[in-house]
Amino acid sequence: SGNVFVAGETQNSLDGNTNAGSWDITVMKFQVPTTTVTTTSRTLALSTTVTEATTTTTTVAHSSTQTSTTLRMERLLPADTQAMASSSAVMLDQMKLTQQATIDQQQSFDSQTSSGPVFGVKLDAVPDDPVVLRNSNASNTSPLIVSFPAHCDDTGSAAAWLVASEIADALSNRLPTQAVGETVPAEYRSKVVDVSVLKEMQGSISVAEINCGSPIAIRLSASKPSAGDRCLWFDFAQQKWSQAGTEVLEELELRVMYPDTDLPWDGTWCRTTHLSTFVLAAAPGVDVLMIVLISIGPIIVFATMVLTCCIVRRKRKQRQEREEKEAFLRVEGESYDRYRHSMFAIVRTAVDDGAKGVLILGMKSAIHEKPARWKLLQEDLYKAHLKKKAPFVDFGERLIDFSNIQFQQVTKEALSETLAHETAGRTFAIVAMCLEADTGYVEHDVRHHNKIKKDTQGTAKRILPFFHKAKQQRSKLAGLQVEMPKNTGVRAHTWFSFYRDTVLDIIMTCIDEGATGLTIFGIQPHIGGENTYLEWPALEEDVTHAYNHRLYPFDSTAVPDPTFKRVKPEDLRTRIKAETRRGAFVIIASCSDHHAPYAKQIIREFNASSGQCGKAMRAWATANDMYQTKGEQAAEQDHGHGHHSNQPSNQGPTATVPEEESFVVKEQPDGRSKCVEDRIALGEDGEVDKDTWNVLHDANEEDSDPDAFRI
């Protein structure tokens, strides 16, 4: 059966029994399922019958004398390993090979077993040098090496062996994988190994208790340790892995511990103060969590600190901006409201002229001096977009989306180049902020751009903030209500000064775009538009006063004389054609909400087909305008009440475009368009032909004189 071996001979008594002849042989029988090995003494000279008793004692029958001799060589497993078949199998293989090496009087062994590779070395009684245990089988590539310190053997007179096993996966997989105090299974990074010191004394093999003054080093892996790796030993009492008393050795520590050995310094070594079953493992979640946290932890901390600082700085900046805006509005609140109202009106003129987008430019020097104005302008445009007010929505129609309006800061040196480059594709540019000292540069660049621009480019416009000089000039206009008490009523309304200043800014826009003449229209209102009736003479008086006294916007050279005319709604199309010949511009400055949709469509159709003719712009005020930052609602109600009523009337045309002849554009040889006034005849002196005028117009008394239409 392969479990009976001739172990030796004896010439004396064996286990208290006398031999029956000159000498006897010793036979050993191994019973693997048990923990006891029975050795039987047999006499060679006589025939014997061998039987086994349940007491594991073998009885020998002699020819005349029957003696009983028993030799018990035991493998005493630790009590805590007997309950586990995998651990028992490993320990039994170690003991079996140790017994065989003892019988064969070998100093070391290296063998492959069903539980995995097992190798051992016999320890001296008191070793003076560290003992290094490693496999000597060339076919065994196990990285396992055990460095056993000197003076660590405490087995007394018994023979001691240092034995190590690399446990086969089939057995190690049966071990629990949970570590003490953890709920996540430990992840192995090496083979599971078992290292023991076995002692043999009087036929018994058992695990020796050792007491080392120096730690034991065990090489578990040929690879360098990874972050978070740890050494674990199996606690049979708790049936869990434990890290107590073990740690991963650094290479420098290993060299200090064993300076005169030929140990390989690479790989992963573990330091321990006792022997057991060991494995190299990663902490729970180390691969995907711990390593990441260890690696990027400082980055996360730094990023958190930076984010916190950014939030604090942002809040501080927001508070500072809010305080700056409040301080700005306390000083310049009224002038800013007027500036904003005019700005919105100028954006609307760009849309009426076919702008595909609007670029609002701010001079960096001015923004640096008054950043609150720049911020407020952007915020108020966005609020107007959200509230569906001008210049984004007009009588329920979406004119332009906020996404088509861009903001950009520019220096005065780069303004000309910016206008040339950014106005491609019919994008209109509006210079919204500059210092008073830079107005000359801005005026020159805007007018120069409009003079040389191509048909595919957008127009440049500007609006001047209310500088000290402009404030003085406008205050003179405001003082007209004292000089002309008959118009005090309409001038007393909050909206009128906004409305008048907007008309002045639109006049400046016409001048910047090269207007050779300027006609200001007021559309005849329907019955019930009381304030629309009253605003027209007051506006005419104020603008005429500004022109006569060379106030803004007539304070520069080469300014055309403004002409004021009342027109009927049904005559608007023809009158615009007549007044925009040879580059003259028309401003419709007075119009009720009832006629506004009609007038707006006429303006757009004309501008889309005018070619090299002049342009038509609108500057009338509506109840949908934004007036004041504070009290805005009251101002709107004040303006809308009885002024631009949307109620239907039996007077004048409805707010739809009537069926009549469209504007005509004729292509010139140079590729540029030119207006064809095929319905207006001119005399040699440039006057309107009276006969043609009488045929085309059923003018009212105010407009019946064709001499008023001199170009």
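Values in this document were obtained by computation on a predicted structure and should not be read as measured data.

Novice: Quick question: what am I supposed to make of the packing of aromatic side chains here?
Specialist: Under the definition given, this model contains 13 aromatic pairs. Taking the centre distance of 5.1 Å and the plane angle of 80° together, the rings of phenylalanine 234 and phenylalanine 236 count as edge-to-face. Under the relative-accessibility criterion, phenylalanine 236 is labelled buried at 13%. Linked through ring pairs, Tyr188, Phe234, Phe236 and Trp241 together constitute an aromatic cluster. Against the face of phenylalanine 498 rests arginine 338, its NZ or CZ located 5.0 Å from the ring centre. We note arginine 550 situated over the ring of tyrosine 547; from NZ or CZ to the ring centre the distance is 4.8 Å.

Novice: What's the story with a nonpolar patch on the surface in this structure? I'm lost.
Specialist: Taken together, Ile296, Ile299 and Ile300 make up a surface patch of nonpolar side chains, about 250 Å² in accessible area. In this fold, isoleucine 300 is placed in helix α5 (residues 286-352). Isoleucine 300 gets classed as partly exposed once you look at its relative accessible area, which sits at 40%.

Novice: Sorry if this is basic, but what is going on with the state of the cysteines here?
Specialist: The term disulfide refers to a covalent linkage connecting the sulfur atoms of a pair of cysteines. Taken as a whole and judged by the stated rule, the model has one disulfide. Between the sulfur atoms of cysteine 231 and its disulfide mate cysteine 270 the distance is 1.6 Å. What sets the handedness of the cysteine 231 and cysteine 270 disulfide is the S-S torsion sign, and at about -80° it is left-handed. Here cysteine 231, found in strand β17 (residues 229-235), pairs with cysteine 270, found in strand β20 (residues 268-272); they are 39 residues apart in sequence, far enough to count as distant. Each member of the pair cysteine 231 and cysteine 270 is classed as buried.

Novice: Got a minute to help me understand unusual backbone geometry in this structure?
Specialist: If a residue is not glycine, its phi is most likely negative; likewise, a peptide bond is most likely trans. In this chain, alanine 390 is followed by proline 391 through a cis amide linkage whose omega measures 10°. On the secondary structure map, proline 391 appears in the loop between α7 (371-386) and β23 (393-394). With an omega of 5°, the peptide bond between tyrosine 552 and proline 553 qualifies as cis. Turning to its location among the elements, proline 553 is positioned in the loop between α14 (530-548) and β29 (562-567). A positive phi angle, close to 55°, is found at arginine 550, a residue other than glycine. Here arginine 550 is to be found in the loop between α14 and β29. Of note, the phi angle at arginine 582 is positive, near 60°, even though the residue is not glycine. Secondary-structure assignment places arginine 582 in the loop between α15 (572-579) and β30 (585-590).

Novice: I keep staring at the nonpolar core and nothing clicks. Help me out?
Specialist: Nonpolar side chains in soluble globular proteins tend to end up buried together. Counting residues in hydrophobic clusters, the biggest one holds 76 residues, and the most contacted among them are Met343, Ile360 and Ile507. Aside from chain neighbours lying at most four places away, what touches isoleucine 360 is Met343, Trp374, Leu377, Leu381, Ile405, Gln406, Phe407, Gln408, Ile430 and Ala432. In terms of nonpolar packing, the next biggest core, distinct from the first, is built from 27 residues, Phe119, Val121, Leu133 and Ile218 among them.

Novice: Can you help me understand the packing of helix α13 (residues 494-512) against α14 in this one?
Specialist: Two numbers describe a pair of packed helices, the interaxial angle and the distance between the axes. Running from N to C, α13 and α14 cross one another at 50°; their axes reach a closest spacing of 11 Å. The angle between α13 and α14 falls in the class oblique. Handedness of the crossing formed by α13 with α14: right-handed. Residue-level contacts link Trp495, Phe496, Tyr499, Arg500, Val503, Leu504 and Ile507 of α13 to Asn531, Glu535, Ala538, Leu539, Asp542 and Val543 of α14. Class assignment for the residues of the contact of α13 with α14 results in nine nonpolar, one polar and three charged.

What counts as what
Residues numbered from 1 in each chain as written. Predicted model: local features only at pLDDT ≥ 70, side-chain atom pairs only at ≥ 80, totals over all residues. Heavy atoms only, no water. Phe/Tyr/Trp six-rings, centres within 6.5 Å; stacked < 30°, edge-to-face > 60°. Buried < 20%, exposed > 50% of the residue type's maximum accessible area, 1.4 Å probe, protein only. Lys NZ or Arg CZ within 6 Å of the ring centre and 35° of its normal. Patch = residues over 30% accessible without salt bridge, like charges linked within 9 Å, V, L, I, M, F, W, Y side chains within 5 Å. Areas by Shrake-Rupley, 256 points an atom, 1.4 Å probe, with all protein chains shown as cover. Salt bridge = Lys/Arg side-chain N within 4 Å of Asp/Glu carboxyl O. Helix = DSSP H or I, 4+ residues; strand = E, 2+ residues; numbered from the N terminus. Disulfide = S-S within 2.5 Å. Core = buried A, V, L, I, M, F, W, Y, C linked by side-chain atoms within 4.5 Å. Contact = heavy atoms within 4.5 Å. Axes fitted to C-alpha atoms, helices over the stretch in contact; angles between N-to-C directions. Parallel < 35°, antiparallel > 145°, perpendicular 65-115°, else oblique. Left-handed = near helix turned anticlockwise from the far one by under 90°. Nonpolar A, V, L, I, M, F, W, Y, C, P; charged D, E, K, R; others polar.

Purely spatial values, then, with no claim about function.
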